[in-house]
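For reference, the chains in residue letters:
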Amino acid sequence: DQQVKQNSPSLSVQEGRISILNCDYTNSMFDYFLWYKKYPAEGPTFLISISSIKDKNEDGRFTVFLNKSAKHLSLHIVPSQPGDSAVYFCAADDTSGTYKYIFGTGTRLKVLA
Amino acid sequence: GAGVSQSPSNKVTEKGKDVELRCDPISGHTALYWYRQSLGQGLEFLIYFQGNSAPDKSGLPSDRFSAERTGGSVSTLTIQRTQQEDSAVYLCASSWGLNNEQFFGPGTRLTVL
């Protein structure tokens, strides 16, 4: 039972254009969401997060949008750069009090030069 | 400063053998997490340690899996009588405390033949 879903396994975008990565979740109790980026042979690195009290959080070229009613969040990267090519994981904070993250299966982004 | 390190980076073992995976968290981080990523799956939470509290073992898939954290620092994940379905990348993460960004190590790729 996948509580955090990333339905697009891969995405290709032209350099300079916008990349939009999507994530859906099923547990309405989730209250904190994160995006991690992962390069091959490296561990995931934190990118951006959002609390459920917000609907948008922006950090440079990266913006995360949260739609609580739809249980959907998205990561926008604009403009996309070749160095953004990586696997992006969406994660939600399990609110059981143990702060373990529940991750999606990831979306592989390829930014074409 | 140094990030989270894990060893070995790759481990190939025969079915039925025991394996030990090591994680060195960032110095001073009180929380330590183990995840695994099987092929085509998201990162799956296994276990976490916070300070001197009893670990949360709720994610361990079977009693063949165990972990310990000595002196509040280094952690070892042990898998006994390995099975082919244990093949995955095992990732360790640490954080300053609960509800803080988790920093990941590069992972150990375990292959059970």
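Okay, so let's go over this structure. (Residues numbered from 1 in each chain as written. Chains lettered and ligands numbered in written order. Predicted model: local features only at pLDDT ≥ 70, side-chain atom pairs only at ≥ 80, totals over all residues. Heavy atoms only, no water.)

### Regarding the overall build of chain A
Phase 1 of the analysis: Across its full length, chain A holds zero helices and eleven strands.
Phase 2 of the analysis: Along the chain direction, N to C, the helices and strands of chain A fall in the order β-β-β-β-β-β-β-β-β-β-β.
Phase 3 of the analysis: Computed over C-alpha atoms, the radius of gyration of chain A comes to 13 Å, within 12% of the 13 Å expected from 2.2 N^0.38 for 113 residues, which places it in the range of a compact globule.
Phase 4 of the analysis: A principal-axis box enclosing the C-alpha atoms of chain A has dimensions of 45 × 30 × 20 Å.
Phase 5 of the analysis: Burial statistics for chain A: of 113 residues in total, 45% are counted as buried.
Phase 6 of the analysis: Counted over contacts in chain A with a minimum sequence separation of 6, partners at least 24 positions apart contribute 54%.
Phase 7 of the analysis: Distance between charge centroids for chain A: 4 Å, based on 12 positive and 11 negative side chains. (Helix = DSSP H or I, 4+ residues; strand = E, 2+ residues; numbered from the N terminus. Rg over C-alpha atoms; globule rule 2.2 N^0.38 Å. Buried < 20%, exposed > 50% of the residue type's maximum accessible area, 1.4 Å probe, protein only. Contact = heavy atoms within 4.5 Å. Lys, Arg positive; Asp, Glu negative; His and termini not counted. Charge placed at Lys NZ, Arg CZ, Asp CG, Glu CD.)

### Details of the state of the cysteines
The term disulfide refers to a covalent linkage connecting the sulfur atoms of a pair of cysteines.
Residues and elements named next belong to chain A.
Phase 1 of the analysis: Within the structure shown, the criterion is met by two disulfides over all chains.
Phase 2 of the analysis: Bridging C23 to C90, the disulfide has an S-S length of 2.0 Å. Between C23 and C90 the disulfide shows an S-S torsion of about -70 degrees. By sign, it is left-handed. Linking C23 in strand β3 (residues 19-25) with C90 in strand β9 (residues 86-93), this pair joins segments that are 67 residues apart in sequence. Each member of the pair, C23 together with C90, is buried. (Disulfide = S-S within 2.5 Å.)

### Looking at the packing of aromatic side chains
Phase 1 of the analysis: According to the stated counting rule, one finds 15 aromatic pairs over all chains in the structure shown.
Phase 2 of the analysis: Each ring, one from A:Y25 and one from A:F30, has its centre 6.1 Å from the other, and the planes form 50 degrees; the classification is tilted.
Phase 3 of the analysis: Given a relative accessible area of 4%, A:F30 falls into the buried group.
Phase 4 of the analysis: Geometrically, the ring pair formed by A:F89 and A:F103 is edge-to-face, given 6.3 Å between the ring centres and 85 degrees between the ring planes. With A:F89 in strand β9 and A:F103 in strand β10 (residues 101-103), this residue pair connects regions lying 14 residues apart in the sequence. Summarising the burial analysis for this pair, A:F89 and A:F103 share the class buried.
Phase 5 of the analysis: One aromatic cluster is present, built from ring pairs that chain together A:Y36, A:F46, A:F89, A:Y101, A:F103, B:Y33, B:Y35, B:F45, B:Y48 and B:F104. (Phe/Tyr/Trp six-rings, centres within 6.5 Å; stacked < 30°, edge-to-face > 60°.)

### Topic: a nonpolar patch on the surface
Phase 1 of the analysis: A cluster of nonpolar residues, A:I18, A:I20 and A:V78, forms a patch on the protein surface that exposes about 230 Å² of accessible area.
Phase 2 of the analysis: Tracing the backbone through its elements, the reader meets A:V78 in the loop between β8 (72-77) and β9. (Patch = residues over 30% accessible without salt bridge, like charges linked within 9 Å, V, L, I, M, F, W, Y side chains within 5 Å. Areas by Shrake-Rupley, 256 points an atom, 1.4 Å probe, with all protein chains shown as cover. Salt bridge = Lys/Arg side-chain N within 4 Å of Asp/Glu carboxyl O.)

### Topic: the interface of chain B and chain A
Note on interface size: it is often stated as the accessible area lost on association of the parts.
Phase 1 of the analysis: Across the contact, 20 residues belong to chain B and 18 residues belong to chain A.
Phase 2 of the analysis: Interface area, chain B with chain A, both sides summed: about 1500 Å², of which 60% is carbon and sulfur.
Phase 3 of the analysis: The interface formed by chain B and chain A includes three residue pairs in polar contact (both at pLDDT 80 or more).
Phase 4 of the analysis: The set of elements that each furnish at least two residues to the side of chain B that touches chain A consists of β4 (31-37) and β5 (43-50) of chain B.
Phase 5 of the analysis: Class assignment for the residues of the side of chain B that touches chain A results in nine nonpolar, nine polar and two charged. (Buried area = accessible area lost by both parts, 1.4 Å probe. Polar contact = N/O pair within 3.5 Å; in protein donor to acceptor, adjacent residues only side chain to side chain. Nonpolar A, V, L, I, M, F, W, Y, C, P; charged D, E, K, R; others polar.)

### Notes on the sheet that holds strand β1 (residues 4-5) of chain A
Across a sheet, strands are paired by hydrogen bonds formed along the backbone, either parallel or antiparallel in direction.
Residues and elements named next belong to chain A.
Phase 1 of the analysis: Pairing within the open sheet is antiparallel, and its five strands lie in the order β1-β3-β8-β7-β6. Pairing within the sheet leaves two strands with one partner each, and these edge strands are β1 and β6 (56-59).
Phase 2 of the analysis: As paired strands, β1 and β3 are joined by two bridges and run antiparallel to one another. Bridge pairing links K5 to D24 in β3. (Pairing = 2+ DSSP bridges.)

### Structural notes on the pattern of salt bridges
Phase 1 of the analysis: Under the criterion given, the structure shown has five salt bridges over all chains.
Phase 2 of the analysis: Ionic pairing is found between B:D24 and B:R22, a salt bridge with its closest N-O pair at 2.8 Å.

### Overview of the sheet that holds strand β1 (residues 5-7) of chain B
All names here are of chain B.
Phase 1 of the analysis: Taken in spatial order, the four strands line up as β1-β3-β7-β6 in an open sheet, and their pairing is antiparallel. Looking at which strands have only one partner, the edges of the open sheet turn out to be β1 and β6 (65-69). The sheet shows a mean angle of 15 degrees between the axes of neighbouring strands, direction not considered.
Phase 2 of the analysis: Relative to strand β7 (residues 75-79), strand β3 (residues 19-24) runs antiparallel, the two being bridged by five bridges. By the bridge assignment, L21 is partnered in β7 with L77. (Axes fitted to C-alpha atoms, helices over the stretch in contact; angles between N-to-C directions.)

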